Amino acid sequence: MLPVILIGGGGHAKVCMDVLSLLNIQVLGYVTPDAAPPSLPFVRIGDDEAVLHYPASSIALVNGIGFHPEHERRKKAYSTFKDKGYSFLSIVHPSAVVAEGVHLSEGVQIMAGAILQPGTHIEENTIVNTRASVDHDCRIGPHVHLAPGSLLCGGVTVQQDAYIGAGATIIQGIRIHEKSLIGAGSVVVREVRPHTKVYGVPAREVTK
Ligand SMILES: CC(=O)SCCNC(=O)CCNC(=O)[C@H](O)C(C)(C)COP(=O)(O)OP(=O)(O)OC[C@H]1O[C@@H](n2cnc3c(N)ncnc32)[C@H](O)[C@@H]1OP(=O)(O)O
């Protein structure tokens, strides 16, 4: 197993670091744009450019930048380093339940207590956060965030760059289109159009 450099030094990086430590994966340190705030008890290697001192074949990266609907820093870091030939490790917290045959693409992060049921397919750089639950035959695109406690019933599709808020429920067979945002605690009972924000019970579209 290659040693890891973590991209980012905030809250999400802290959670990734915990998973890496539980998996006994060697972490060389983390990179952040500036020295403050040092929230991680590990070595700061430098800014993002510092990664380039390590040949792509000698390390793996873990994307410790959280997904914020207002900006694309997480996705940008992933694409930038992929373009330079680096690889991102997928991490799965030991307490997560991942059914046999579930497909996880590069750089996917499955956090504590998450459940992924059979037939599910998750694309690159997606976060399945703490205690999120993804039932059978779901298709989750790249650069998606399933926030803590979100619940996807069977056969749900979530397209790229979508954000499913904490504790939201998506009923079976629904399609969530790209770049849409589902508010925390919502219950989604209808298809969600691209680039839209919905929330409430049942979830209704609001102007972005
Ligand atoms: C590890 C981690 O921490 S991961 C982080 C997980 N975080 C989340 O999941 C948060 C997801 N974000 C939300 O739910 C947000 O509230 C959003 C994006 C849906 C709405 O944000 P904004 O557009 O800024 O809405 P704003 O806060 O201005 O509220 C507008 C109105 O909508 C209501 N509202 C906002 N969010 C919700 C919601 N999730 N459900 C129901 N009503 C809501 C507000 O109460 C307010 O109502 P009012 O006008 O009657 O007072």
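Above: the structure in question.
Residues numbered from 1 in each chain as written. Predicted model: local features only at pLDDT ≥ 70, side-chain atom pairs only at ≥ 80, totals over all residues. Heavy atoms only, no water.

Chemist: Mind showing me how you'd approach the overall build of the chain here?
Modeler: Counting its secondary structure elements, the chain contains two helices and 23 strands. Relative to the compact-globule value of 17 Å for 208 residues, the chain shows a C-alpha radius of gyration of 17 Å, a close match. C-alpha extents for the chain along the principal axes are approximately 50 × 40 × 30 Å. The proportion of buried residues among the 208 residues of the chain is 48%. Contacts in the chain between residues far apart in sequence, at least 24 positions, make up 28% of those at least 6 positions apart. Of the accessible surface of the chain, which amounts to about 9,500 Å², a share of 54% is contributed by carbon and sulfur atoms. (Helix = DSSP H or I, 4+ residues; strand = E, 2+ residues; numbered from the N terminus. Rg over C-alpha atoms; globule rule 2.2 N^0.38 Å. Buried < 20%, exposed > 50% of the residue type's maximum accessible area, 1.4 Å probe, protein only. Contact = heavy atoms within 4.5 Å. Areas by Shrake-Rupley, 256 points an atom, 1.4 Å probe, with all protein chains shown as cover.)

Chemist: What am I meant to see in the site of the ligand here?
Modeler: Around the ligand, the surrounding shell consists of His145, Ala147, Pro148, Tyr163, Gly165, Ala166, Leu181, Gly183, Ala184, Lys197, Tyr199 and Gly200. A distance of 3.3 Å separates a nitrogen atom of the ligand from a polar atom in the side chain of tyrosine 163. Within the contact set of the ligand, an oxygen atom lies 2.5 Å away from a side-chain nitrogen or oxygen of lysine 197. Burial of the ligand by the surrounding chains reaches 38%, relative to a free accessible area of 980 Å². Residue composition of the shell around the ligand, by class: seven nonpolar, four polar and one charged. (Near = heavy atom within 4 Å. Polar contact = N/O pair within 3.5 Å; in protein donor to acceptor, adjacent residues only side chain to side chain. Nonpolar A, V, L, I, M, F, W, Y, C, P; charged D, E, K, R; others polar.)

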